[in-house]
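# Overview (structure and organization)
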Amino acid sequence: MKRILLIVLALIGVLSLMAQEEPTKDRPVRAPFNSGILIDNQTSVIPADKTLEFQIQHKFGKIDNGFSDLFGLYAPGANIRLALNYVPIKNLQIGYGLSRIRMYSDFSIKYTIHEQTRRNTFPVAVAVFANMAVDGRNKTDFGNNYKFGNRYSYFSQLIIGRRFNDWLSVQANASFTHYNITEPGIDHDKVSVGFNGRVNFSPQSSILFQYDIPLKIKSITEHREWTNPAKPNLGVGWEIRTSTHAFHIYLSSADGMIPQHNAVYNTNDWTKGDMMFGFSIVRFWNF
Amino acid sequence: MKRKFFFRLTLAVAAFAMVAFIIPQEQKKGAPWDIPKEYKEKKNPFKDDASLEKLGKTIYSKHCRSCHGNAGLGDGVMAKNQKTFPGDFSSAEFQKHTDGELYYMSIIGRDEMPNFEKKITDEEERWAVINYIRTMKK
């Protein structure tokens, strides 16, 4: 009887000690990606608050002319986007960019709703991204009955990602695009899905990949048949990250810099070799 | 009159050229750091944590190597652009600093040594770099 009592008392003691132990807070994982962009996509990563980012994104011509134009590097018709992003408070980023194609001015916002945590209490990172773009072309490009609202397009995206380990991080996304005005045969609304990720192979370098698929959904199309639907965007690239810069060099099939343009207007078919080289440079300042 | 003027001008240019070639342009050695007491006494909670070795090397490569060099000898590609020698991490003089002092010098910085509080935000990552710098001891 005495022995049983002693064992019970010892168990109660151990259990109460365990109950008193305060669990340490489950911290976010180390950054799943080295920067906020991944070829043509956004990542769930937002830098520290009061960070200013300057982005230079450049796409060359298609590679299909071979060496005659150095695989598109010397071809005319490149696309360029310059952008500034700022993080006013932790996990919230706002930005403005200006693209050469259609002189789109895009105003964007990104928010990391929840970061992935180390002990898997929250196993994925969840972020949302949205932008509004203003087509900056001459009003004559918008046909009859021009109104300023014809210039607007909208993009919104849910991003879910996971850092599996030190070398592999993957994301999936779902997005909705709306253009107030489009050309004949082109839908105003588009739902897309995509996945992308990085494979870290050295302290500063990673391989990047992306595949974005505009979906053909009968219930939201305005047309009886798909005459020239937007094609998927395949991309593969190499990222180098330093203390103050991120550099991307990549091959991708869409020529747009803003996601809604690629979701609605990309007619380049990567299965037929319609790819182009591109690069991005991001410069970070911390205040 | 004109000849005198040109003679004096030539002398002035020659004197300037001589001075320009003579003035030494060595990097100056950094003055001793004025480190606050709370950092001198700061303890490294991840001391001897071998699991952080790879992380420390990654962060050092990204943020430090360009000035401080692969082995911390102050011979990185950007080192020559600095007015102050970045320091020799392998020396006994450097390694005799406490972990807290190394933390201050690495993360808070001064002058040409940037502040990394916003770039290396996680405490574990900061100490991982300090642990990695300790491995550079000769």
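Residues numbered from 1 in each chain as written. Chains lettered and ligands numbered in written order. Predicted model: local features only at pLDDT ≥ 70, side-chain atom pairs only at ≥ 80, totals over all residues.

### Here's the deal with the overall build of chain A
A tally of regular secondary structure across chain A gives two helices and 14 strands. Considered along the principal axes of its C-alpha atoms, chain A spans approximately 95 × 45 × 40 Å. The buried share of chain A, reckoned over its 287 residues, is 37%. Contacts in chain A between residues at least 24 apart in sequence constitute 59% of all its contacts with a sequence separation of at least 6. (Helix = DSSP H or I, 4+ residues; strand = E, 2+ residues; numbered from the N terminus. Buried ≥ 20, exposed ≤ 12 C-beta atoms within 10 Å, placed from the backbone. Contact = placed C-beta atoms within 7 Å.)

### A word on the overall build of chain B
Regarding its fold elements, chain B presents seven helices and zero strands. For chain B, the N- to C-terminal ordering of α and β elements is α-α-α-α-α-α-α. For 138 residues, the compact-globule estimate of 2.2 N^0.38 gives 14 Å, and the C-alpha radius of gyration of chain B, at 22 Å, exceeds that figure by more than 25%. Its C-alpha atoms put chain B at 80 × 30 × 30 Å along the principal axes. Counting only residues that meet the buried cut, chain B has 25% of its 138 residues in that class. Summarising the internal contacts of chain B: among those between residues at least 6 apart in sequence, 64% fall at separations of at least 24. (Rg over C-alpha atoms; globule rule 2.2 N^0.38 Å.)

### Here's the deal with the nonpolar core
The biggest cluster of nonpolar side chains holds 19 residues, and the ones touching the most others in it are Ile59, Ala128, Val129, Ile130 and Ile133 of chain B. For this core, the element with the highest residue contribution is helix α7 (residues 123-134) of chain B, accounting for six residues. The contacts of Ile59 of chain B, once residues within four sequence positions are left out, are Ile120, Glu125, Ala128 and Val129 of chain B. Core analysis: the next-biggest nonpolar cluster, separate from the first, contains 13 residues, Ile37, Leu38, Ile39 and Ile46 of chain A among them. (Core = buried A, V, L, I, M, F, W, Y, C linked by C-beta atoms within 7 Å.)

### Some points on the sheet that holds strand β6 (residues 105-114) of chain A
Residues and elements named next belong to chain A. With antiparallel pairing, the 12 strands of this closed barrel are ordered in space as β3-β4-β5-β6-β7-β8-β9-β10-β11-β12-β13-β14. Adjacent strand axes in the sheet meet at a mean angle of 20° when their direction is disregarded. Judged from the 11 bridges that link them, strand β8 (residues 152-163) and strand β9 (residues 168-179) form a sheet pairing that is antiparallel. The residue bridging Ser156 from the neighbouring strand is Phe176, located in β9. (Pairing = 2+ DSSP bridges. Axes fitted to C-alpha atoms, helices over the stretch in contact; angles between N-to-C directions.)

### Structural notes on the interface of chain B and chain A
Residue-level contacts link 10 residues of chain B with 10 residues of chain A. Within the side of chain B that touches chain A, the residues separate by chemical class into no nonpolar, five polar and five charged. (Nonpolar A, V, L, I, M, F, W, Y, C, P; charged D, E, K, R; others polar.)

### With respect to the confidence of the model for chain A
Of the residues in chain A, 93% have a pLDDT of 70 or more, and the chain-wide mean is 91. Taken as a whole, residues 18-22 of chain A scores under 50 in pLDDT and shows zero contacts with residues more than four places along the chain or in a different chain. (pLDDT = per-residue confidence, 0-100.)

### Describing the packing of helix α6 (residues 99-108) of chain B against α7 of chain B
Two numbers describe a pair of packed helices, the interaxial angle and the distance between the axes. Residue and element names in this part refer to chain B. Where α6 meets α7, the axes come as close as 10 Å, and the angle between the chain directions of the two elements is 110°. On the basis of the axis angle, α6 is roughly perpendicular to α7. Read as a crossing pair, α6 and α7 show a hand that is right-handed. Of the residues in α7, those touching α6 at Asp99, Leu102, Tyr103, Ser106 and Ile107 are Arg126, Val129, Ile130 and Ile133. (Parallel < 35°, antiparallel > 145°, perpendicular 65-115°, else oblique. Left-handed = near helix turned anticlockwise from the far one by under 90°.)

### Brief notes about α6 of chain B
All names here are of chain B. Along α6, the residues that are buried comprise Leu102, Tyr103, Tyr104, Met105, Ser106 and Ile107. The secondary structure elements touched by the buried residues of α6 are α2 (37-40) and α7. Taken from the residues just after α6, Gly109 is the one with a positive phi, measuring 75°.

### Examining the pairing of strand β4 (residues 79-89) of chain A
Residues and elements named next belong to chain A. Where strand β3 (residues 51-62) lies against β4, eight bridges are found, and the strand directions are antiparallel. Residue Lys59 lies in a different strand from β4, and its bridge partner there is Asn79. Looking at chain direction, β4 and strand β5 (residues 92-99) are connected through seven bridges and run antiparallel. Of the residues in β5, the one forming a bridge with Arg81 is Ser99.

### Some points on the confidence of the model for chain B
Summing up the model confidence of chain B, the mean pLDDT is 91 and the portion of residues at 70 or higher is 99%. Among the prediction metrics, the complex's ipTM stands at 0.77, with pTM recorded as 0.85.

### Things to note about the pairing of strand β12 (residues 233-241) of chain A
Residues and elements named next belong to chain A. Across eight bridges, the pairing between strand β11 (residues 205-214) and β12 is antiparallel. Across the sheet, the residue bridging to Ser205 is Ile240, located in β12. Where β12 and strand β13 (residues 245-252) come together, seven bridges link them in antiparallel fashion. By the bridge assignment for β13, Ile240 is matched with Phe247. Hairpin connection of β12 to β13: three residues between the antiparallel strands.

### Focus: unusual backbone geometry
Its identity is not glycine, yet Asn120 of chain A carries a phi of approximately 65°, on the positive side. Considering the arrangement of structural elements, one finds Asn120 of chain A in the loop between β6 and β7 (125-134). Even without being a glycine, Asp111 of chain B presents a positive backbone phi close to 50°. Along the chain, Asp111 of chain B turns up in the loop between α6 and α7.

### Concerning the environment of Asn200 of chain A
Residue and element names in this part refer to chain A. For Asn200, the position within the fold is in strand β10 (residues 189-200). In this structure the C-alpha to C-alpha distance between Asn200 and Pro47, which are 153 residues apart in sequence, comes to 19 Å. Leaving out residues up to four positions away in the same chain, Asn200 has contacts with Asp166, Trp167 and Ser206.

### Regarding the environment of Phe201 of chain A
All names here are of chain A. Mapped onto the elements, Phe201 comes out in the loop between β10 and β11. Residue classification places Phe201 among the exposed positions, given that 11 C-beta atoms sit within 10 Å. C-alpha separation for the pair Phe201 and Ala75, spaced 126 residues apart in sequence, amounts to 32 Å. Those residues in contact with Phe201 that lie beyond four places of it in its chain are Trp167, Ser206 and Ile207.

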